[in-house]
Amino acid sequence: MAIIKLPGLADVHTHLRVPGGEHKEDFFTGSAAALAGGVTTVLAMPNTTPPLTTPAVLAETLQKAQQSIICDVGLFAGASPDQIDLLPQLAPQTVALKIYLNDTFGPLRVEDLPTLQACFETWPRQKLIAMHAEGPNVAIGIGLAASYRRPVHFCHISRRDEIELIAAAKAAGLPVTCEVTPHHLFLTRADADRLGPWADMRPRLATPGDAEALWAHINTTIDCVATDHAPHTRAEKESATPPPGVAGLETSLPLMLTAVKEGRLSLARLIELMATNPRRIYGLPEQPDTFIEVDDQTPFTLTNEALLTKCGWTPFAGWEVVGRVQRVVLRGKEVFATGRVIAQPGSGHIIQ
Ligand code: DOR
Ligand code: ZN
Ligand code: ZN
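Here the structure is a predicted model, which means the values were calculated and not measured.

## Notes on the site of ligand 1
Taken together, 14 residues surround ligand 1, and among them R17, N47, T104, R202 and H232 come closest. Between ligand 1 and the protein, one listed contact pairs an oxygen atom with a side-chain N or O atom of T104 at 2.8 Å. Within the contact set of ligand 1, an oxygen atom lies 3.2 Å away from a side-chain nitrogen or oxygen of H132. Here ligand 1 loses 100% of its free accessible area of 290 Å² to cover by the protein chains. Taken atom by atom, the bulk of ligand 1 overlaps the largest cavity.

## Quick notes on the coordination of the zinc ion (ligand 3)
Listed as protein donors to the zinc ion (ligand 3) are H13 (NE2), H15 (NE2) and D228 (OD); their distances from the metal cover 2.0 to 2.1 Å. Mapped onto the polypeptide sequence, the residues donating to the zinc ion (ligand 3) form the spacing pattern H-x1-H-x212-D. Taking the relative accessible area as the measure of exposure, H13 reaches 1% and is therefore buried. Owing to a relative accessible area of 6%, H15 belongs among the buried residues under this scheme.

## A look at the nonpolar core
By size, the foremost hydrophobic cluster in this structure holds 98 residues, and its most contacted members are I99, F154 and L253. Once residues within four sequence positions are removed from consideration, L253 is found in contact with L6, L9, G37, L270, M274, I292, V294 and V325. Among the nonpolar cores identified, the runner-up in size contains 18 residues, and Y100, C224, L284 and I351 belong to it.

## Brief notes about empty space enclosed by the protein
Over the atoms, a rolling probe the size of a water molecule traces out where space has been left empty. Enumeration over the complete set of coordinates arrives at 5 cavities of 30 Å³ or more. Space inside the largest cavity adds up to approximately 130 Å³. Around the largest cavity, the lining comprises 18 residues; the ones closest to its centre are H15, T104, R202, D228 and A230.

## Brief notes about the pattern of salt bridges
One pass over the structure, following the stated rule, counts 13 salt bridges. We note a salt bridge from E60 to K64, for which the minimum N-O separation is 2.7 Å. One end of the pair, E60, and the other, K64, are both in helix 2 (residues 55-68), 4 residues apart, so they sit about a helical turn from each other. Classification of K64 by relative accessible area gives partly exposed; the value is 30%. Ionic pairing is found between E293 and R327, a salt bridge with its closest N-O pair at 3.1 Å. Residue E293 is found in strand 10 (residues 291-295), and its partner R327 is found in strand 13 (residues 324-330); the two are separated by 34 residues along the sequence.

Cut-offs and rules
Residues numbered from 1 in each chain as written. Chains lettered and ligands numbered in written order. Predicted model: local features only at pLDDT ≥ 70, side-chain atom pairs only at ≥ 80, totals over all residues. Heavy atoms only, no water. Near = heavy atom within 4 Å. Polar contact = N/O pair within 3.5 Å; in protein donor to acceptor, adjacent residues only side chain to side chain. Areas by Shrake-Rupley, 256 points an atom, 1.4 Å probe, with all protein chains shown as cover. 1 Å grid on protein atoms, 1.4 Å probe; cavity = no way out; pocket = protein on both sides within 12 Å on 5 of 7 lines; lining within 4 Å. Sits in = over half its atoms within 2 Å of the grid points. Donors = N, O, S within 2.8 Å, 3.2 Å for Na, K, Ca; no water. Buried < 20%, exposed > 50% of the residue type's maximum accessible area, 1.4 Å probe, protein only. Core = buried A, V, L, I, M, F, W, Y, C linked by side-chain atoms within 4.5 Å. Contact = heavy atoms within 4.5 Å. Points joined across faces, edges and corners; volume = space filled by probe spheres on them. Salt bridge = Lys/Arg side-chain N within 4 Å of Asp/Glu carboxyl O. Helix = DSSP H or I, 4+ residues; strand = E, 2+ residues; numbered from the N terminus.

Shown next, in the form of structure tokens:
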């Protein structure tokens, strides 16, 4: 067994489901899953029920988070056409603005240009704008970044045409960044056919050529690996109308370390993608005396039973990987060790 020491990871794309989706995940179980995956900072998306688009929902969410979190958590504000005037009130206590340009879980959506313009004019320039943009909507996001001369971060880029367009935008000097998910790196449409709702998410799994293109840009265009941890219950996935989304917090590091072992990327690049770059792009605070210890040699099998996420399943069950997280130390305190959470609920910090 060989133990390596890595910085605490930052996952800039998770759905922790509070308020309104506590049967899927809550701040304690979501942050426990984060620590189990070596993640000490998570950013939580605003497509909650109700969505995080008002000061009242923000206050409720902050209060619930502060009672329960065991890693550090930052919240996204959500853009909604009828609430744009409230954005300046949300900005001081949120990390970034999330704009959904494509259909996904929940009702948050911006589909008209005046609302997009209002977002870029209203949201404070010192805080980032992140987008769920697929296909031609990536070009809209790039155009807004260019027009307003301000950074745009693209969530879960999944296709060859999209990553090549972002590469071109970067080459032109535009202030754009992007993340990819492990599921778009490691799974394709064939897995979606095999697993049905258990591998259905937005963006949908793409072709082997798309996944290959993501790997081809792993050392260049891609800035971050983020999970899009989107837990839904088994009952919901087995229903007539299964919601899109899969859990990812506890499988991301093992999958990526397995790719390191196989020579698909370097360990130094993994650290950039999963710690350094996400922290820089979102301006996340340093966590002093914080590190994780990981066994990067001994193979183990990912199972549903071992997961701490409340949903209790992963599309990667049965995969043999390396990269079991042995220990997590956050601000000098052991918070997770040998599969068990040690931290007290509420000991995590809110990032603003
Ligand atoms: O698959 C997804 N699920 N994609 C998203 O963009 C949202 C997420 C969710 O909240 O379940
Ligand atoms: Zn999304
Ligand atoms: Zn998401």
